[in-house]
Amino acid sequence: MPRYRPHVAARPSWRCRVCGAAWPCSPARLALLGEYRENRTGLLIYLATLLDEATGDLADTAPLTDRFLTWARAR
């Protein structure tokens, strides 16, 4: 049986260590939404902290807000 590997960011590229997609990838987003199910504000604070770290690592910061925060807002 395959072992689950969490989809976490590889720094400084901010690509997923498992699937190679831009992090947070779809599996990471689903896991984060589940983990922060009852605390959307906490999720946004956590993601904003990571966004700040990614801004220091990545040259093109224009799409980072959408990549890190927009998807996590309440609908």
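What comes next is a walk through the structure. (Residues numbered from 1 in each chain as written. Predicted model: local features only at pLDDT ≥ 70, side-chain atom pairs only at ≥ 80, totals over all residues. Heavy atoms only, no water.)

Right, let's talk about the layout of surface pockets for a bit. Of the volumes computed, that of the largest pocket is approximately 170 Å³. In this structure, the largest pocket is lined by 13 residues; those nearest its centre are His7, Val8, Trp23, Leu32 and Glu35. The greatest single-element share of the lining of the largest pocket, amounting to five residues, is contributed by helix α1 (residues 26-35). (1 Å grid on protein atoms, 1.4 Å probe; cavity = no way out; pocket = protein on both sides within 12 Å on 5 of 7 lines; lining within 4 Å. Points joined across faces, edges and corners; volume = space filled by probe spheres on them. Helix = DSSP H or I, 4+ residues; strand = E, 2+ residues; numbered from the N terminus.)

Spanning 18 residues, helix α2 (residues 40-57) covers 26 Å between terminal C-alpha atoms, matching the ideal 26 Å at 1.5 Å per step. Taken together, the buried positions of α2 are occupied by Gly42, Leu43, Leu47, Leu50, Leu51 and Ala54. Contacts made by the buried residues of α2 are with α1 and α3 (64-68). (Expected span 1.5 Å × (residues − 1). Buried < 20%, exposed > 50% of the residue type's maximum accessible area, 1.4 Å probe, protein only. Contact = heavy atoms within 4.5 Å.)

Our next topic: the state of the cysteines. What the rule picks out here adds up to zero disulfides. The thiol of cysteine 16 is unpaired, and the distance to the nearest cysteine sulfur, on cysteine 19, comes to 3.6 Å. Judged by its relative accessible area of 5%, cysteine 16 falls in the buried class. (Disulfide = S-S within 2.5 Å.)

Time to look at the environment of alanine 22. Among the secondary structure elements, alanine 22 is positioned in the loop between β2 (15-16) and α1. Sequence separation of alanine 22 and alanine 10 is twelve residues, and the distance between their C-alpha atoms is 9.7 Å. With residues near it in sequence (within four places) discarded, alanine 22 still touches Trp14, Arg15 and Arg67.

Bear in mind that shape data such as this cannot, by itself, settle questions of function.
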